[in-house]
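Letter by letter, the chains look like this.
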Amino acid sequence: MERFVSGALQEFFPFLLVSLSSVFFTVDPFGSIPAFLSMGSEGDHRRARRTASHAAWTCFVVLTLFASAGGLIFKLFGFSLAAFKIAGGLILFQVAGEMMRAHRSETREVAEERAEGSQKEDFGVIPLGVPMLAGPAAISTVIVLMGQSKLWWQTIPVFMAIVLTSFASFYILIAGAKIQHFLGESGVRILARFMGLILAAVAIQFMLNGINDAWPSLAKGA
């Protein structure tokens, strides 16, 4: 029993770190600060707090639902986890490439969504919560991470990562103006490039894991 607990703990914390970094970098709350401010939250603390709360809750609910329903999605559409790992890795790599160029990925938002959000009284759910925070990249990430969890306790780090990322997103958005002022335009770009580099490594690892999982079937078919 002690050996099992010790082994479980040795696996738990590395997987928690991988899950947290993967989910946080794909949600990328720092990258949503300019949109959050430009759509009407700057200067109105009460509205900013309400909007950030709605965005964080939306992010939490959406990612939790997709993480919980990942297995059902595979059965419904009839594709394998290996295929989803490769597809998710490709999406993440595209987002990572745009982050390293200090561009905001169009898989998260487009100009039309930003313009629509600026006309809403409460844009916390749409478009800030979805798709700016909980976009295709973040959804793909939690589904892949859940698919890699073989035992029930291995799903805990994924849900912890979702909770911590949603919690952090709320406070990062609230402090958006201060963060932007403190980092400046150059600092924001440097941070985006660093996060993009980490995300690129996660994307490649997802694709390698998918290829490794699919290889026995491909080799047998050949």
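Source: prediction; values computed, not measured.

(A) Region of interest: the overall build of the protein chain. What the protein chain contains, in helices and strands, is 10 helices and 0 strands. Going residue by residue from the N terminus, the α and β elements of the protein chain occur as α-α-α-α-α-α-α-α-α-α. Going through the 222 residues of the protein chain one by one, you find that 45% of them count as buried. Contacts spanning at least 24 positions in sequence make up 85% of the contacts within the protein chain whose residues lie at least 6 apart. Of the roughly 11,800 Å² that the protein chain leaves accessible, carbon and sulfur atoms contribute 68%.

(B) A look at the nonpolar core. Within the largest apolar cluster, 52 residues are counted, with the highest numbers of intra-cluster contacts made by F36, L63 and L173. Contact partners of L63, with chain neighbours within four places excluded, come to V23, V27, A134, A138, I139, V142 and I162.

(C) Focus on the packing of helix α8 (residues 136-147) against helix α9 (residues 156-174). Running from amino to carboxyl end, α8 crosses α9 at an angle of 155 degrees, the nearest separation of the two axes being 9 Å. Judged on the interaxial angle alone, α9 and α8 are roughly antiparallel. Note on element contacts: α9 touches α8 through V158, F159 and I162, opposite V142, L145 and M146. Residue composition of the contact of α8 with α9, by class: 6 nonpolar, no polar and no charged.

(D) Local environment of the confidence of the model for the protein chain. Model confidence for the protein chain is summarised by a mean pLDDT of 82, while 82% of its residues fall at 70 or above. Between the elements of the protein chain, mean pLDDT differs from a low of 52, seen in helix α6 (residues 111-118), to a high of 96, seen in α9.

(E) Geometry of helix α3 (residues 45-68). The first and last C-alpha atoms of α3 sit 34 Å apart over 24 residues, in line with the 34 Å expected at 1.5 Å per residue. Taken together, the buried positions of α3 are R47, A48, T51, A52, A55, A56, T58, C59, V62, L63, T64 and A67.

(F) Focus on the packing of aromatic side chains. Evaluation of the coordinates by the stated rule reveals 6 aromatic pairs. Relative to F25, the ring of F24 has its centre 6.0 Å away and its plane inclined at 65 degrees; by these criteria the two rings are edge-to-face. Each member of the aromatic cluster is reached from another via a ring pair, and the members are F24, F25 and F30.

(G) Focus on the environment of G135. Considering the arrangement of structural elements, one finds G135 in the loop between α7 (124-133) and α8. In sequence terms G135 and T26 are 109 residues apart; their C-alpha atoms lie 8.2 Å from each other.

(H) A look at the environment of F167. In this fold, F167 is placed in helix α9. Residue classification places F167 among the exposed positions, given a relative accessible area of 54%. As for F167 and S53, which are separated by 114 residues in sequence, their C-alpha atoms are 9.1 Å apart.

(I) Just the side chain of S166, in detail. Take S166: it is sitting in helix α9. A distance of 3.4 Å separates the side chain of S166 from the backbone nitrogen of F60, its partner in a polar contact. Among all residues touching S166, those that are not within four sequence positions of it are A56, C59 and F60.

(J) Representation of the side chain of S169 in the model. Positionally, S169 belongs in helix α9. In contact with S169, not counting residues within four places along its chain, are V27, P29 and L133.

Parameters at a glance
Residues numbered from 1 in each chain as written. Predicted model: local features only at pLDDT ≥ 70, side-chain atom pairs only at ≥ 80, totals over all residues. Heavy atoms only, no water. Helix = DSSP H or I, 4+ residues; strand = E, 2+ residues; numbered from the N terminus. Buried < 20%, exposed > 50% of the residue type's maximum accessible area, 1.4 Å probe, protein only. Contact = heavy atoms within 4.5 Å. Areas by Shrake-Rupley, 256 points an atom, 1.4 Å probe, with all protein chains shown as cover. Core = buried A, V, L, I, M, F, W, Y, C linked by side-chain atoms within 4.5 Å. Axes fitted to C-alpha atoms, helices over the stretch in contact; angles between N-to-C directions. Parallel < 35°, antiparallel > 145°, perpendicular 65-115°, else oblique. Nonpolar A, V, L, I, M, F, W, Y, C, P; charged D, E, K, R; others polar. pLDDT = per-residue confidence, 0-100. Expected span 1.5 Å × (residues − 1). Phe/Tyr/Trp six-rings, centres within 6.5 Å; stacked < 30°, edge-to-face > 60°. Polar contact = N/O pair within 3.5 Å; in protein donor to acceptor, adjacent residues only side chain to side chain.

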